[in-house]
Amino acid sequence: MAEKSFKKEVETLRKGAGEIFHGEGILAVTKALLQCGVGYVGGYQGSPISHLMDVFADAEPLLEELGVYFENSASEAAAAAMLSASVYYPVRGAVTWKSTVGTNVASDALSNLASGGVTGGTLVIVGEDYGEGSSIMQERTHAFAMKSQIWMLDPRPNLESIVKSVELGFELSEASNTPVILQLRVRSCHLHGQFVAKDNQRPKVKLSDCLNDPKRDVSRIVLPPATFLHEKEKVESRLPKAIEFIKDHKINEILPGERADIGIIVQGGLFNNLNRSLVALGLSDNLGNVKVPIYVMNVAYPVIPDEVIEFCKDKKSVLMIEEAQPNYIEQNIGYLLHKNGVDCKLYGKNVLPEVGDYTIGVIKEGLVKFFEDMGENLSSEQKEIFTKKVSEEDNKQLLEQVPVRPAGFCTGCPERPIFAALKIVQEKLGQHHIAGDIGCHLFSILPPFNIGATTMGYGLGASSAAAFNLFNTPTQEGQKRPIAIMGDGGFWHNGLTSGIGNAVYNKFDGLIIIIDNFYAAATGGQDIPSSRAFNFLRTTNNPIIDAVKGVGVKYVKVIDRTYDVEKMVKELTKALTTKDKGPKIIIAQSECSLNKERRKKRIFKKRVEEGKRVENEKFGVDAKVCTGDHACMRLSGCPSLTLKYTDNPLREDPVAHIEQSCVACGNCGEVAEAAALCPAFYSAKVIRNAGFMEKIVYKFQYGIINFLQKRRASKQITV
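On a predicted model such as this, the values are computed, not experimentally measured, just so you know.

Peer 1: Pulling in residues and values, what's your account of the sheet that holds strand 13 (residues 317-321)?
Peer 2: Taken together, five strands build an open sheet; the order of strands is 9-11-10-13-14 and the sheet is mixed. Of all the strands in the sheet, just strand 9 (253-255) and strand 14 (345-347) have a single pairing partner and so form its edges. Going from strand to strand, the sheet's axes swing by 20° on average, the running direction of each strand aside. Sheet strands in contact with helix 15 (residues 328-339) are strand 10 (262-267), strand 11 (294-297), strand 13 and strand 14, and its direction is about 180° off that of strand 14.

Right under this line is the structure:
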């Protein structure tokens, strides 16, 4: 069950030639793939391209009509390996994943694909941004494209350019027998716009026909001596063909402007930010009618020498706007200008920041430095527009008004009690080395838990603790065991083999906690092999415990309700102190709260509309009973649990208070007294469409309580 259903939007994918398509960037990419006659699509979800997978999942009926195969791949490597279908057969294929992390996982398959080359067009759609828009280490897929000689498109952020890049990406791939990467930034994925649609196309070659007429060419198999010929072919054949295609189809754009002596070169994905900066200086308008010549590189790699030289040869100075490090494009252009004797001063990282996002404000400041260095006369008003910054005093006031709050688990998250229990255990047994993993559980490294020391990659939690395996060392009194954590998504992605299998093989004498929340929760709630829900397109309900035992684990405990903090503490303590050797695994199971609430709300709403009785539980805190020690917060961190001042003049400190967003998971009350329900917490039931007798009982109880409260109030002594 994905975070959002796209069934309504999917109907727009049926629009034909001449119709106007309105929608989001991701939906436009899906439509473009179908218009191009794609034969198969695969990938692994991750922001900002998770929705691309979700759209294809919801579009299954349409895909069946067109003869397109779609697969939720087990990992990015599995997705990349799918593209081998286009090595010998003229079938177009597309795969997608999140940024550098996905490319890293897929690197082996991609390298082999790039070496042997392809016959059918292959497109790798990478949802990647740099800096603030990225949730991973600050690296770029650009480096991988250069290393493996894979062409990389970085289109301007508008639907027409994006759709055109999908079409030309396939054609470029086929013309040069090379895979093509299409980089989509966060804004490109989520912006809205329109373009003129074309008819959807069935694949020109069916996958079934390929199976019935198999091909094989030993020169395309990545094995010496063919690999040495592949390298030669990349440089002497494929690269020239790619450059020729890019030039002939004018994929890169030159916006002429009015100036002849200066120019700007920019990555396509950064054009909108650049244009907004130029608008502020009066050098462009909102439609992109620039007054300064701009060379828009919709192809980030390869750099086209003839186009660069032609653009720069008559100019005194050119500014290269390339986000992130290393500045591959700037170095390449500098080399081309020097090699060809072009007397043009190249600006880049000398006026723009070495690292970080190139936001509109950052580009503004860079433009000011660029123009001032050339001796341009900027008006005082223009300088003020471009150089105005928030003062330190403004920043100070902002911090005082908006309190700093670290990212954390959602309200009712079933992972919160796991780390509360782990924190309680460490108070008794001492601090342990804890290796984290990618996923929601990584929030445990932040307050209030402060648990976890490392994270090495998706599903690599157990492997991250492998070096601390001391099973051969004589057990010493007080020797602590390492702890590793992974989620169910990471388990099926890479954790089963690299984590659990590796731990069994090497007799890892530590604890591995597998958090099973029934979904790939962090990427939008997509189903995985161990999901509980029925999925008519996929096989679900494959228990993690069966897979774990299947690779040889002997010590396995399942906790089917993570909110039972007392049980969690007991099992964690036992696993860390037992004399049993080998890997000890605890599978902590409870449904992701967000997905659970979405599912329950739909049922709740339907039953209310049908007039059926439904009840909803809420938690609260009795301000008169709460001691104000705030232990519940130190071991919870729930967004719905906050502070509230009372009217009692004798109590200066605030007490605990629960907001209406509470989902009544009960975690805060249980951990408040180290796994015993705090007496200050109470539970209340809200009943809709109550029965006749329930209403009578309620009125009777309310009447008695109201009478007692009034009598008590009348006896109070007024001072």
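Peer 1: So, empty space enclosed by the protein: which residues are in play, and what are the values?
Peer 2: Tallied over the entire structure, the rule returns five cavities of 30 Å³ or more. In this structure, the largest cavity occupies an estimated 90 Å³ of space. In this structure, the largest cavity is lined by Glu128, Asp129, Tyr130, Glu139, Arg140, His142, Met152, Gln183, Arg185, Gln267, Glu323 and Ala324. A class-by-class count of the residues in the lining of the largest cavity yields three nonpolar, three polar and six charged.

Peer 1: Summarise the packing of helix 9 (residues 159-176) against helix 12 (residues 226-248); cite the residues concerned and give the values.
Peer 2: Here helix 9 crosses helix 12 at 145°, and the two axes come no closer than 8 Å. Helix 9 and helix 12 meet at a crossing whose hand is right-handed. Contacts between helix 9 and helix 12 involve Leu168, Glu171, Leu172, Ala175 and Ser176 from the former and Arg238, Lys241, Ala242, Phe245 and Ile246 from the latter. Along the lines of polarity and charge, the residues of the contact of helix 9 with helix 12 split into six nonpolar, one polar and three charged.

Peer 1: Can you explain a nonpolar patch on the surface? Please cite residues and give values.
Peer 2: Together, Phe692, Met693, Ile696 and Val697 make up a nonpolar patch on the protein surface, roughly 420 Å² of accessible area in all. For Val697, the location among the structural elements is in helix 27 (residues 692-715).

Conventions and cut-offs
Residues numbered from 1 in each chain as written. Predicted model: local features only at pLDDT ≥ 70, side-chain atom pairs only at ≥ 80, totals over all residues. Heavy atoms only, no water. Pairing = 2+ DSSP bridges. Helix = DSSP H or I, 4+ residues; strand = E, 2+ residues; numbered from the N terminus. Axes fitted to C-alpha atoms, helices over the stretch in contact; angles between N-to-C directions. Contact = heavy atoms within 4.5 Å. 1 Å grid on protein atoms, 1.4 Å probe; cavity = no way out; pocket = protein on both sides within 12 Å on 5 of 7 lines; lining within 4 Å. Points joined across faces, edges and corners; volume = space filled by probe spheres on them. Nonpolar A, V, L, I, M, F, W, Y, C, P; charged D, E, K, R; others polar. Left-handed = near helix turned anticlockwise from the far one by under 90°. Patch = residues over 30% accessible without salt bridge, like charges linked within 9 Å, V, L, I, M, F, W, Y side chains within 5 Å. Areas by Shrake-Rupley, 256 points an atom, 1.4 Å probe, with all protein chains shown as cover. Salt bridge = Lys/Arg side-chain N within 4 Å of Asp/Glu carboxyl O.

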